[in-house]
Amino acid sequence: MRYVVLKALTLKNLRKVYRDSIVALSGIDLSVKEGDFFALLGPNGAGKTTAIGIITSLVNKTSGTVSVFGHNIDKEPEAAKACIGIVPQEVNLNLFERNKDILINQAGYYGVPREEAKRRAEKYLKAVHLWERRNDIARNLSGGMKRRLMIARALVHEPRLLILDEPTAGVDIEIRRSMWELMRKINDGGMTIILTTHYLEEAESLCRNIAIIDEGRLIENDTMVSVVSKLQNEVFVLTLTEPIKEAPILEGYTVRLRNNQEIEVEVAKEQGLNGLFEEISKKSLYISSMRSRSNRLEELFIRLVENKNFEATASNELKVKNIINSDKEELN
Amino acid sequence: MSVDRPYESNFTNGESSDGPDLFSINLVGLLTIVRREVRRVLRIWVQTIVPPAITMTLYFIIFGSLIGSRIGEMGGVPYTTFIAPGLIMMSVITNSFGNVVSSFFSGKLQQHLEEMLVSPLAHTTIILGYIAGGVVRGLAVALLVTLVASFFTELNIAHPMITISVVILTAIVFSLAGLLNAIFANSFDDISIIPTFVLAPLTYLGGVFFSISLLSPFWQKVALANPILYMVNAFRYGMLGSSDITLSTAFTIILFLLFGLFGLTLFLLRRGIGIRS
Ligand SMILES: Nc1ncnc2c1ncn2[C@@H]1O[C@H](COP(=O)(O)OP(=O)(O)O)[C@@H](O)[C@H]1O
Ligand SMILES: [Mg+2]
């Protein structure tokens, strides 16, 4: 019996420089435990989709290593790929194919025999409430339905790791709720889930662990609980008139010594500063100056909130419009 | 709903001790792609099968019956009989090419090609799947054109094995050529340039409508640089028993193209050219 917790995903020093020398990822280290519900959070352009593209072998990496359940994607690409189910950010369905066939085919690409593939297509179409639309073609589905169909498609080979790239971007709140419920159920069943999103609340309500990337850099990788508490606290740097040897104990506050004349105090937003000053006076400390330490995480979140309404899927929809508008599938 | 614990599924998903069974994955995958491609041809038969049948019927009416009767004989047979193998091959070439270029390029454009790229399927399997679609459409149209031809002229097949092998090999070659075109294509223009500026001239000058013995010695040499000439003539030999070129040269050229194109497309897909960023 194994008691070691397996790593569902390990990224080591992952770099991606696109043509035109756009640096999308500048050396990311990350690991996701088996069974985890993991959030990859970051503003638009942070590099989330690029990272997922590399993991699923749709994007060639510049350097670094990726392992999926211990399978290095360069050395054992098939074994690694067989473990992953992917729900991409942009709709990538064959719009002219019947929904049922999309699932049966996808199972076939993973070697699931046809009879079994049909059973699974039924099971997962029902799971995403699209069984009634099984004989319809993907083109006739609404945006939210297309997304659910892509989730079913990613599940049909029953992967161990499900990756969803902004599955809830641009879908209305009701559908988003039902997708959350679905993802929770899948994760409760034991499947590891990595979810990228730029909604903090979404990550907070679903995920246990989180990595935050910005401009291709990992800026935070911790449990959800501790990241949320970091966000709710403000850190002040206090300069003392007299040097001290160790951090003073201030009741109700976390204090760290920066150097012998500076301390850092974490203050929860609802705590206020009066209590802090009382504590400081009690300890007979004299403060010559005080400043708020810049909080990269917080700055990032302000940007995230501002970015919230961006249109995630617009570009692809536009590209495909050509074909959708004409009924002609044969191109020449 | 219930999503079962995924690893209790009885199907292996990359976790058996010696890794996934790649042979059976690729076999099931190949059958899946072939079925999907054939279904596509049949589903849109109005776009895939009917237009070439109509075009070829017109060719037979105009060149075969109307003009052909004035031309008399070519290559020792009535003109209508002479052009029948050429027109069949022309349909095979354009339809095999067109099927793969359209299907693969629309997969790139709608991005559903990614469905296969993220799966454990080998690139060879993907290529073979698209070839199968191209060959099926090429042969389906060829059969239809043969049927049309039989209304205009009497067709006997002199060497069935040669006829069948040439037509299949040619369909494979042009399926691969269509795939190559689609790999490099980034726009609709890119997939119409090759058929219009390369394929059509080579086909029309490839001995479909005339025997190269009509050409001056210089132009005969030029014509011999056109691979389609060898395919058309090998096929004509299979059907009528006469040809402008030697059969072994034709087969050598066809096989050389086939393996060359297969190797090239495989190399490109492995490198991710045209399909990965
Ligand atoms: N195919 C591409 N070619 C060039 N640059 C790209 C490509 N895809 C993404 N980028 C760039 O890489 C950066 C990261 O993008 P992306 O991974 O899509 O971020 P996210 O998914 O976090 O929004 C952006 O600056 C983006 O413009
Ligand atoms: Mg993205």
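Since the model is a prediction, treat every value here as computed from it, not as a measurement.

1. Notes on the packing of aromatic side chains
For the structure shown, the criterion picks out nine aromatic pairs over all chains. When the ring of F63(B) is compared with that of F209(B), the centres are 5.1 Å apart and the planes differ by 45°; the resulting orientation is tilted. Note that F63(B) is positioned in helix α3 (residues 50-71) and F209(B) in the loop between α8 (188-208) and α9 (217-223), a separation of 146 residues in sequence. With centroids separated by 5.8 Å and ring planes inclined at 80°, the aromatic side chains of F105(B) and F188(B) adopt a geometry described as edge-to-face. Placement of F105(B) in helix α4 (residues 79-109) and of F188(B) in helix α8 is noted, with a sequence separation of 83 residues between them. One aromatic cluster is present, formed by Y59(B), F63(B), Y204(B) and F209(B) through successive ring pairs. Directly above the ring of Y199(A) sits R176(A), whose terminal nitrogen or CZ lies 4.4 Å from the centroid. The lysine or arginine in question, R236(B), covers the ring of F82(B), its NZ or CZ lying 3.6 Å from the ring centre.

2. Remarks on the packing of α4(B) against helix α6 (residues 123-152) of chain B
Residue and element names in this part refer to chain B. Their axes nearest at 8 Å, the elements α4 and α6 cross at an angle of 150°. One way to sum up the angle between α4 and α6 is to call them roughly antiparallel. Read as a crossing pair, α4 and α6 show a hand that is right-handed. The residue inventory of the contact of α4 with α6, partitioned by class, reads 13 nonpolar, 11 polar and one charged.

3. A word on the coordination of the magnesium ion (ligand 2)
Residue and element names in this part refer to chain A. For the magnesium ion (ligand 2), the full set of protein donor atoms is T49 (OG1) and Q89 (OE1), and the range of their distances to it is 1.9 to 2.1 Å. One end of the pair, T49, is in helix α1 (residues 48-55); the other, Q89, is in the loop between β6 (84-87) and α3 (99-109), and 40 residues separate them in sequence. According to the relative accessible area criterion, Q89 is buried, its value standing at 13%.

4. Let's talk about a nonpolar patch on the surface
The grouping of I54(B), L58(B), I61(B), I62(B), L66(B), I67(B) and I71(B) at the surface amounts to a nonpolar patch, some 580 Å² of accessible area in total. Topologically, I71(B) is positioned in helix α3.

5. Section: unusual backbone geometry
Residues and elements named next belong to chain A. Residue H129 is not a glycine yet carries a positive backbone phi of 60°. Structurally, the position occupied by H129 is in the loop between α4 (114-127) and α5 (143-155). Of the residues examined, H129 reaches a relative accessible area of 57% and is grouped as exposed. Of note in the backbone geometry, E166 takes a positive phi value of approximately 45° without being a glycine. With respect to the element layout, E166 can be found in the loop between β7 (161-165) and α6 (173-188).

Calculation criteria
- Residues numbered from 1 in each chain as written.
- Chains lettered and ligands numbered in written order.
- Predicted model: local features only at pLDDT ≥ 70, side-chain atom pairs only at ≥ 80, totals over all residues.
- Heavy atoms only, no water.
- Phe/Tyr/Trp six-rings, centres within 6.5 Å; stacked < 30°, edge-to-face > 60°.
- Helix = DSSP H or I, 4+ residues; strand = E, 2+ residues; numbered from the N terminus.
- Lys NZ or Arg CZ within 6 Å of the ring centre and 35° of its normal.
- Axes fitted to C-alpha atoms, helices over the stretch in contact; angles between N-to-C directions.
- Parallel < 35°, antiparallel > 145°, perpendicular 65-115°, else oblique.
- Left-handed = near helix turned anticlockwise from the far one by under 90°.
- Nonpolar A, V, L, I, M, F, W, Y, C, P; charged D, E, K, R; others polar.
- Donors = N, O, S within 2.8 Å, 3.2 Å for Na, K, Ca; no water.
- Buried < 20%, exposed > 50% of the residue type's maximum accessible area, 1.4 Å probe, protein only.
- Patch = residues over 30% accessible without salt bridge, like charges linked within 9 Å, V, L, I, M, F, W, Y side chains within 5 Å.
- Areas by Shrake-Rupley, 256 points an atom, 1.4 Å probe, with all protein chains shown as cover.
- Salt bridge = Lys/Arg side-chain N within 4 Å of Asp/Glu carboxyl O.

These figures come from the coordinates and say nothing about function on their own.
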